[in-house]
Amino acid sequence: MAAAAERTDELVREYLLFRGFTAALKQLDAEIKADREKGFRVDKIVDQLQQFVQSYDLAALRDYWSYLDRRLFSRLEDVYRPTVNKLRTSLFRYYLVHTVQTGRNDKAQEFFLKQASELQNQAEWKDWFVLPFLPAPDFNPTFATYFSRQWADTFIVSLHNFLSVLFQCMHILFFPVILNFEAECLRSSLIQEENESLRHKLFALQAESSRMKKEELEVEQGVVHHKLPAYVANMDRLGDSELDMTCSQRSTAHSLQSRGGFLSSFLSQTKKGPSRPAHPSGASPTQTGGPLLAKKEPTNHQGTKGKEGTASCKDGKSHFTGLTAGESASLQQRQKRLQEHGKERKELLSKGTSQGQSAEKKTDTSTAETEPFSELHAEQAEPSTKTSAGSAEAVGVRQEQPFIVLSQEEYGEHHSSIMYCRVDCSGRRVASLDVDGVIKVWSFNPIMQTKASSISKSPLLSLEWATKRDRLLLLGSGVGTVRLYDTEAKKNLCEICIDEDMPRILSLACSPSGASFVCSAAAQSPISHMDFSAVSSGGKSMNQLQFSLEPEPIAINCTAFNHNGNLLVTGAADGIVRLFDMQQHECAMSWKAHDGEVYSVEFSYDENTVYSIGEDGKFIQWNIHRSGLKVSEYDLPSEATGPFVLSGYSGYKQVQFPRGRLFAFDSEGNYMLTCSSTGGVIFKLNSGEKVLESCLSLGGHRAPVVTVDWSTAMDCGTCLTASMDGKIKLTTLLAQKS
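(A) Seen up close, the pattern of salt bridges. All told, the structure shown has 22 salt bridges when counted by the stated rule. Between Arg422 and Asp709 there is a salt bridge whose closest N-O contact spans 3.3 Å. With Arg422 in strand β5 (residues 418-423) and Asp709 in strand β31 (residues 705-711), this pair connects stretches of sequence that are 287 residues apart. By relative accessible area, which is 3% here, Asp709 ends up buried. Of the charged contacts in the structure, one is a salt bridge between Lys618 and Asp635, with a shortest N-O distance of 2.6 Å. In this pair, Lys618 is assigned in strand β23 (residues 618-623) and Asp635 in strand β24 (residues 629-635), connecting sequence segments 17 residues apart. On the basis of relative accessibility, which here comes to 23%, the residue Lys618 falls in the partly exposed class. Take Asp635: its relative accessible area is 38%, and that puts it in the partly exposed class.

Shown next, in the form of structure tokens:
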């Protein structure tokens with residue numbers, strides 16, 4: 001509602017300016033400036049009420065609440081009137097408690113003098129007239145609850161939620177037509193997404209229908225593939241007589257096709273995907289049970305040669321010139337048996353979809369290569385197969401989900417693979433960076449809206465929000481500079497040159513104090529001539545410090561501060577995790593963490609341990625009080641650790657090495673969000689277990705997810721997952737309290 005009103009105001013301003021109605025424009029600006037509804041901004045309305053309470057302005061407080069009652073609350077149904085009255089009573093009690101807590105008993109007595117005629121007949125105020133005369137009201141059982149911080153916070157949140165719901169439902173009660181365009185745009189977007197989903201379903205159904213018709217036609221014509229059918233993967237389902245019949249039928253069908261020309265029969269088989277050459281003298285090397293068929297087929301050929309009396313062999317291929325009457329009758333019986341086998345094959349394949357994806361994978365690797373249907377089935381079952389087979393030993397499945405997915409939205413303003421995607425400290429805005437150097441700053445509450453957009457001339461390699469002034473963004477380039485970008489003014493405030501010999505700024509981390517940040521600078525070679533710098537700003541002056549890396553300079557891939565900025569953990573290309581004391585400006589400890597590079601590091605919730613993900617696919621928890629002591633170790637799928645691969649048509653392949661965060665924690669550090677090929681996956685962290693529990697798969701992506709973030713600044717957790725196709729999914733979660 002607030003965003004729609006703000007945008008409508010801008011459109012009206014633009015229209016008045018276009019028409020030249022300057023007087024009306026000035027009057028509109030004056031009215032908006034004095035707007036008592038604050039543009040339907042709930043936070044500003046609550047702030048205004050709190051300001052009246054803190055300034056002891058009882059008259060203004062009563063007048064403002066009366067205005068809200070006339071303008072908004074009076075339009076509600078009668079069933080909501082008790083709720084409004086309770087909020088009004090709580091507001092006045094909040095005012096009284098504030099006067100007593102600040103020692104202004106005169107203001108409390110003034111309140112009862114002015115409100116006595118109105119409150120003396122209300123039962124809920126009967127005990128409150130004695131409040132100004134109590135020596136210690138905060139210890140009185142009647143009033144102790146109202147003097148607690150918990151009651152005050154609960155009242156403010158309740159008032160905030162009530163106004164939020166009211167403004168969201170205003171389109172039902174009273175809503176001008178001009179503001180409906182926002183809802184229409186959203187509805188149009190949802191319809192487009194639904195149409196796209198239905199279009200994909202239609203294509204899938206058409207492909208399935210075409211495949212089934214083709215199979216039925218092949219069964220009717222008695223055409224048998226030279227590869228072993230999928231339903232014969234379990235050999236105990238067929239006896240020797242059925243195998244003899246199948247092999248004899250292949251020889252007979254081949255003789256019939258030879259009459260129409262050998263080349264035409266070979267071409268028809270090559271259109272069916274991977275199939276064997278059309279000679280019956282041997283079996284395909286990829287075929288299961290090939291030696292058995294290779295023994296039986298020559299005996300059939302020899303028997304046929306004896307009956308026919310006419311046979312010729314050329315280049316290892318047999319050609320038959322005729323069939324007897326008895327053999328034609330036998331052929332009809334065999335075709336009938338073949339149709340029955342075709343029906344059995346369909347039933348088994350349909351059962352396999354729901355009952356045994358893992359069993360199909362174990363039977364034979366050639367089963368997935370036998371027919372186009374098997375390949376299609378494997379593609380459809382790929383997400384579940386990866387979860388069960390790729391991490392069957394390391395990941396368990398949790399039945400009861402600890403989170404509820406409230407919504408999932410997509411931000412699609414990027415047109416290339418995402419490198420970084422971070423939420424600011426307030427949890428209201430997101431900054432994203434792609435491989436083309438395009439920076440987008442956007443908000444998502446109440447609707448997704450791009451606030452700032454910039455394209456860098458020089459390549460950008462890292463991104464981080466400032467902590468105190470969350471409007472500032474740090475950008476690390478590939479030419480040895482760090483820029484300070486103002487997202488509201490949409491301009492660079494300054495550009496700091498780190499080291500010309502170390503042009504690649506691989507990682508940035510801003511101290512929680514907001515006065516300094518740390519960056520890692522590296523030369524073009526990833527493992528040599530490394531310079532690690534910490535730059536702090538005080539006013540206009542810049543102080544730069546350098547840390548020494550032992551035993552030799554090495555590229556630092558990732559950095560993270562603890563809650564107060566006294567400790568800094570880093571992960572390097574040599575697989576070593578280093579812990580720096582930021583007060584002494586020296587490395588406190590280091591240990592070999594991974595075989596290969598360290599891609600991502602974070603402090604745990606209690607900051608007694610750190611977590612790291614490396615090139616070896618390990619997710620390890622380390623004790624920072626004892627160097628190199630493992631608390632827990634887990635294996636993650638390759639799709640969670642990288643390198644990330646995106647394949648396309650005509651052999652196209654794009655490979656991206658990890659840049660941003662590969663994992664993020666919830667507000668209490670009990671759950672972890674990681675990357676996957678189809679979206680984010682949430683795991684439960686069990687320090688006492690040897691496996692990670694998979695709690696929830698967010699999904700929604702068609703390309704591999706390369707970086708994630710989890711913001712807990714708002715009431716509901718916000719998960720960000722960014723993929724190689726430039727799409728960013730924003731998923732809002734609600735935690736289920738046990």
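(B) Fine view of the sheet that holds strand β9 (residues 460-465). Ordered by their spatial adjacency, 4 strands build an open sheet running β9-β10-β11-β12, and the pairing between neighbours is antiparallel. Across the chains shown, the open sheet's two edge strands, defined by having one partner strand only, are β9 and β12 (491-497). In this sheet, neighbouring strand axes are inclined to one another by 20 degrees on average, regardless of whether the strands run parallel or antiparallel. By the bridge criterion, 6 bridges tie strand β11 (residues 481-486) to β12 in an arrangement that is antiparallel. Looking across to β12, one finds that Tyr485 is bridged to Asn492.

(C) Molecular detail of helix α5 (residues 81-101). For α5, spanning 21 residues, the distance from its first C-alpha to its last is 30 Å, which sits close to the expected 30 Å at 1.5 Å a residue. Downstream of α5 by one or two residues, Gly103 has phi in the positive range, about 75 degrees.

About the thresholds
Residues numbered from 1 in each chain as written. Predicted model: local features only at pLDDT ≥ 70, side-chain atom pairs only at ≥ 80, totals over all residues. Heavy atoms only, no water. Salt bridge = Lys/Arg side-chain N within 4 Å of Asp/Glu carboxyl O. Helix = DSSP H or I, 4+ residues; strand = E, 2+ residues; numbered from the N terminus. Buried < 20%, exposed > 50% of the residue type's maximum accessible area, 1.4 Å probe, protein only. Pairing = 2+ DSSP bridges. Axes fitted to C-alpha atoms, helices over the stretch in contact; angles between N-to-C directions. Expected span 1.5 Å × (residues − 1).

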